[in-house]
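Chain residues, written in single-letter form:
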Amino acid sequence: MEQAGRLIDRWFRRIDGQLYIGDVPIQNLAGAYGTPLFVYDRATAEKKWEQLRGTLPARFSISYSVKANPNPAILRIFLEKGSGLEIASAGEFHQALAAGCPPQKILFAGPGKTETELEYVLAEDVGEIHAESLREIDRINLISQRLGRRARVAVRINPGTDAEGGAMRMGGKPAPFGIDEEQLEEAVGRILSYPSLEFRGIHLFTGTQILDSTVLLRQYAKGIELAHRAATASGRPLNRIDFGGGLGVPYFAHEKELDIASVKQDLRKLVEVVDGNPEFQGTEFLVEPGRFLIAESGIYVVTSLYSIGCTGPECRTAPGRGRRSHRRVPIGSICAIRESTWFPKSSRPAGGPGEWRGTFLNSAPRRSVRHLA
Ligand SMILES: Cc1ncc(COP(=O)(O)O)c(C=O)c1O
């Protein structure tokens, strides 16, 4: 609770005890939309973008990870800033297109991509597909051949233990996230052997919610080492190295904010080392953060009912926990979205509910949202 208060005070204003989102008192939003309610603030999302952009050397580009929040109004904030998008399902691809993202600026990563999903994104000329296993390389090849397409493919590598870290580890151990480091050369060779595939580069992402800058930098350094091997295997510089997401935000009082100044300094040094190296000539560096960009701009608003009379600090109860009827109200200049843009049944591509792994699916009420700011 204490930490929630700190985060709120960092990003939002209180005037006479009243919390404001932009220029709008929270009471007005609660009155207009009812509670429980999620509110997202465009200005905060933009500040987070600028903070990250200012941290990364110019050589880096950013692709917002759609799974963090796939609302098209939010996607548009980052698209307007020059972001690409990283997706993990056909549902997220659909959201990205609905937000106006050109398919070529979309990366499709994540294990367990279905045939229907691969067909859908390939038919729409998705920017890049990140293969998570040798078997998936074969599948992408077969589907590309059938569609008469040439898929742009990168390999996601599950590195050895030296790049592990973060609250949830996705690498450095047997995991469905990527091809084992030992198989890197085999994976590159296999992609190169298929005329229907174009080899683009590598992707690694070993953990999420990383708050220790040294852990993050180890991931980047490992990325450089793996890129060197992949470039040697393919006989040319890579088009791109995707260093993943994972930049954390402190949720609990004991957690310290990621030291972004150290990240900036260390990345600068890392880039200096590779800048003059012909092996990395023309290679784009990319990160694909989710929570770092959007988590702190969202507020969950509830109406407190009553004190439940427990011992110790006062505990109050509020309705709505666990329910799926929460309203979502983006404000600032991102409002005026219609909730019906969230997966109306009629606009789903074929494939059935099993294809839909996006976060929201049918849960949002069909409700228009008008400008409040
Ligand atoms: C492939 C991939 N990219 C990006 C992300 C976003 O991670 P984060 O929100 O930690 O930046 C995830 C999260 O699981 C992921 O699996």
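If you're wondering where the values come from, they're calculated on a predicted model, not measured in any experiment. (Residues numbered from 1 in each chain as written. Predicted model: local features only at pLDDT ≥ 70, side-chain atom pairs only at ≥ 80, totals over all residues.)

Trainee: Sorry if this is basic, but what is going on with the site of the ligand here?
Mentor: If you check the shell around the ligand, you find 18 residues, and the closest are Ser65, Thr208, Gly245, Gly290 and Arg291. Within the shell around the ligand, the residues separate by chemical class into six nonpolar, eight polar and four charged. (Near = placed C-beta within 6 Å. Nonpolar A, V, L, I, M, F, W, Y, C, P; charged D, E, K, R; others polar.)

Trainee: I would appreciate a short explanation of the packing of helix 9 (residues 213-234) against helix 10 (residues 260-275) in the present structure.
Mentor: Two measures define how a pair of helices packs: the angle their axes make with one another and the distance between the axes. In contact at an axis separation of 10 Å, helix 9 and helix 10 are set at 15 degrees when each is read in the N-to-C sense. When the axes of helix 9 and helix 10 are compared, the pair comes out roughly parallel. Crossing angle aside, the handedness with which helix 9 passes helix 10 is right-handed. For the pair helix 9 and helix 10, the contacting residues are Ser213, Leu216, Leu217, Tyr220, Ala221 and Ile224 in the first and Ser262, Val263, Asp266, Leu267, Leu270 and Val274 in the second. Classifying every residue of the contact of helix 9 with helix 10 gives nine nonpolar, two polar and one charged. (Axes fitted to C-alpha atoms, helices over the stretch in contact; angles between N-to-C directions. Helix = DSSP H or I, 4+ residues; strand = E, 2+ residues; numbered from the N terminus. Parallel < 35°, antiparallel > 145°, perpendicular 65-115°, else oblique. Left-handed = near helix turned anticlockwise from the far one by under 90°. Contact = placed C-beta atoms within 7 Å.)

Trainee: What am I meant to see in the sheet that holds strand 3 (residues 24-25) here?
Mentor: The strands that make up a sheet pair up through hydrogen bonds in the backbone, lying either parallel or antiparallel. Spatially, 1-2-3 is the arrangement adopted by the three strands of the open sheet, whose pairing is antiparallel. Only two strands of the sheet have a single partner each, and these edge strands are strand 1 (13-15) and strand 3. Judged from the two bridges that link them, strand 2 (residues 18-21) and strand 3 form a sheet pairing that is antiparallel. Bridged to Ile21 within strand 3 is Val24. (Pairing = 2+ DSSP bridges.)

Trainee: How should the environment of Gly110 be read in this particular structure?
Mentor: Here Gly110 lies in the loop between strand 7 (106-108) and helix 6 (115-123). Under the C-beta neighbour-count criterion, Gly110 is labelled partly exposed, with 19 such atoms within 10 Å. Taking C-alpha positions, Gly110 is 7.9 Å from Ser89, a pair spaced 21 residues apart along the chain. (Buried ≥ 20, exposed ≤ 12 C-beta atoms within 10 Å, placed from the backbone.)

Trainee: Is there a simple way to think about the pairing of strand 5 (residues 60-65) in this case?
Mentor: Successive side chains on a regular strand alternate, one facing one side of the sheet and the next facing the other. Of the strand pairs in this sheet, strand 5 and strand 15 (residues 284-287) are connected by three bridges, and their pairing is parallel. When the bridges of strand 15 are listed, Ile62 appears paired with Val287. Taken together, the three bridges between strand 5 and strand 6 (residues 84-87) define a ladder with parallel strand orientation. If you follow Tyr64 over to strand 6, its bridge partner there is Leu85. Viewed along the sheet, the connection from strand 5 through helix 4 (residues 72-80) into strand 6 turns out right-handed. (Right-handed = clockwise from strand over helix to strand, strands pointing away.)

Trainee: Help me understand the pairing of strand 4 (residues 37-41) in this model?
Mentor: Burial analysis of strand 4 places four of its five residues in the buried class, the great majority of the element. Sheet topology places strand 4 next to strand 16 (residues 298-301); four bridges connect them, and they run antiparallel. Bridge pairing links Tyr40 to Gly298 in strand 16.

Trainee: For this particular structure, what's the right way to read the packing of helix 3 (residues 42-55) against helix 4?
Mentor: The geometry of helix 3 relative to helix 4 is characterised by a closest axis approach of 10 Å and an angle of 40 degrees between their N-to-C directions. Classified by the angle their axes make, helix 3 and helix 4 are oblique. At the point where helix 3 passes helix 4, the crossing takes the right-handed sense. Contacts between helix 3 and helix 4 involve Arg42, Ala45, Glu46 and Trp49 from the first element and Ile74, Ile77 and Phe78 from the second. In the contact of helix 3 with helix 4, the residues fall into five nonpolar, no polar and two charged.

Trainee: Mind showing me how you'd approach the nonpolar core here?
Mentor: In summary, soluble globular proteins display a tendency toward joint burial of nonpolar side chains. Grouped together as the largest cluster of nonpolar side chains are 75 residues, with contacts concentrated most on Leu75, Ala96, Ile106, Phe108, Ile140, Val153 and Ile202. When residues in this core are grouped by element, the largest group, six residues, is from helix 9. Here this core spans two domains, since at least three of its residues come from each of domain 1 (2-41 + 297-372) and domain 2 (42-290). Residues contacting Val153, with those up to four places away along its chain left out, are Ile129, Ala131, Ile137, Ile140, Ile191, Leu197, Glu198, Phe199 and Arg200. (Core = buried A, V, L, I, M, F, W, Y, C linked by C-beta atoms within 7 Å. Domains from an automatic or database assignment.)

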